[in-house]
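One letter stands for each residue in the lines below.
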Amino acid sequence: YYVVPDALLVTTASKFKIMSVLSGQDVDVAGTSMSPGAGLVQWPDFNASHQWWSVVPDGSNYVLTNQYSGLVAGDPGSSTTPGQQLQQLTGSGSAPSNEQWLFTALPTVYEYNLSNGYSGLYMDVYGDTATPGAAIDQYTGPGGANQQWIIVPTS
């Protein structure tokens, strides 16, 4: 028998890779930047700390903190514009909604749609492409494989 999870429950800060179902690539920070405002991109997995994210509960949503920079994944400027590239942001003690993510389980085990707590738009691979370095943006959805993510624990 198989059990399909209907929610992600993380009770402690754990490290995960967030992998695109479309490309099999990880959510990464452009240029391995440690600076606020650096864009999120997809990049082939090489198990590096700038591809690892802690997933910390914040109410019914989660905050994604990059393990290399210590900055959080978010919607810059609380934008509601589809196509806006997501960035790593400074974050705050109590995360505003543009730094929060709702995980919605999909029928396939460990696959999720991630929607932003402020805009309600979905984390998306811009242009529906498998090209390394493609921007991770937010877009209307839920859509296809370019908006589906596998949450992979790291060791």
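Look a little higher up for the structure.
Source: prediction; values computed, not measured. (Residues numbered from 1 in each chain as written. Predicted model: local features only at pLDDT ≥ 70, side-chain atom pairs only at ≥ 80, totals over all residues. Heavy atoms only, no water.)

Here we look at the overall build of the chain
Under the convention used in this document: Each helix is a run of DSSP H or I of at least 4 residues and each strand a run of E of at least 2, with the numbering of both proceeding from the N terminus. The buried label goes to any residue with under 20% of its type's maximum accessible area, the exposed label to any with over 50%, and the partly exposed label to all in between, with areas taken from a 1.4 Å probe on protein chains only. Throughout, a residue-residue contact means that at least one pair of heavy atoms, one from each residue, lies within 4.5 Å.
Within the chain, the regular secondary structure consists of zero helices and twelve strands. When its helices and strands are written in sequence order, the chain yields β-β-β-β-β-β-β-β-β-β-β-β. Relative to its 155 residues, the chain shows a buried fraction of 46%. Within the chain, contacts between residues separated by at least 24 positions form 56% of all contacts whose residues are at least 6 apart in sequence.

Side note on the packing of aromatic side chains
We count it as follows: Working definition: a ring pair exists when centres of Phe, Tyr or Trp rings (six-membered ring for Trp) sit within 6.5 Å. Plane angles under 30 degrees give stacked, over 60 give edge-to-face, the rest tilted.
Counted by the stated rule, this structure contains two aromatic pairs. Their ring planes at 70 degrees and their centres at 5.8 Å tell us that F103 and Y112 sit as a pair that is edge-to-face. Comparing F103 with Y112, the two get one shared label, buried.

Notes on the pattern of salt bridges
Put simply, the rule is: Whenever a carboxyl oxygen of Asp or Glu lies within 4 Å of a side-chain nitrogen of Lys or Arg, that contact is scored as a salt bridge.
Under the definition given, this model contains one salt bridge. Of the charged contacts, one joins D45 and K17 as a salt bridge, the two residues approaching to 3.3 Å between their closest N and O atoms. Within this pair, whereas D45 is found in the loop between β3 (40-43) and β4 (53-58), its partner K17 is found in strand β1 (residues 15-20), the two being separated by 28 residues in sequence. Given a relative accessible area of 40%, D45 falls into the partly exposed group. Overall, K17 belongs to the buried group, its relative accessible area being 11%.

Brief notes about the nonpolar core
Rules: Within this scheme, the nonpolar core is defined by two criteria: the residues are buried Ala, Val, Leu, Ile, Met, Phe, Trp, Tyr or Cys, and they are joined through side-chain atoms within 4.5 Å.
Counting 22 residues, the largest nonpolar core has L64, F103 and M123 as its most contacted members. Of all the elements in the fold, those that place two or more residues in this core are β1, β2 (26-29), β4, β5 (61-66), β8 (101-105), β9 (111-116), β10 (122-125) and β12 (149-153). What M123 contacts, discounting residues up to four positions off in sequence, is V27, L64, L86, W101, L114, I136, D137, N146, Q147 and W149.

As for the pairing of β4
Two faces, one strand: in a regular strand the side chains alternate between the faces of the sheet. Put simply, the rule reads: Pairing between two strands is assigned when DSSP locates at least 2 bridges connecting them.
Judged from the two bridges that link them, β1 and β4 form a sheet pairing that is antiparallel. Following the sheet pairing, F16 is matched in β4 by W53. Of the strand pairs in this sheet, β4 and β5 are connected by six bridges, and their pairing is antiparallel. Looking at β5, one finds that V55 is bridged to L64. If you look at the hairpin formed by β4 and β5, you'll find two residues sitting between the two strands, and G59 has a positive phi there, around 70 degrees.

Observations regarding the pairing of β8
Relative to β9, β8 runs antiparallel, the two being bridged by five bridges. Paired with W101 across the strands is N116, a residue of β9.

Some words on the environment of D137
One can find D137 in strand β11 (residues 136-139). Considered as a pair, D137 and D124 are 13 residues apart in the sequence and their alpha carbons are 5.2 Å apart. Sequence-distant contacts of D137, that is, excluding residues within four places in its chain, are made with G83, Q84, Q85, L86, Y122, M123, D124, V125 and Y126.

Here we look at the side chain of Q147
As a reminder of what qualifies: The term polar contact refers here to a pair of N or O atoms within 3.5 Å; inside protein, the definition further demands a hydrogen-donor-capable atom paired with an acceptor-capable atom, and it admits residues adjacent in sequence only when both atoms are side-chain atoms.
Residue position: Q147 is located in the loop between β11 and β12. Within the structure, Q147 has its side chain in polar contact with the backbone nitrogen of G143 (distance 2.5 Å). Setting aside anything within four residues of it in sequence, one finds Q147 in contact with Y112, N113, Y122, M123, D124, Y139, T140, G141 and P142.

Describing the side chain of S54
Along the chain, the position of S54 falls in strand β4. Classification of S54 as buried rests on a relative accessible area of 8%. In this structure the side chain of S54 is engaged in a polar contact, spanning 3.5 Å, whose partner is the side chain of Q67.

All quantities given are derived from atomic positions and should not be read as evidence of function.
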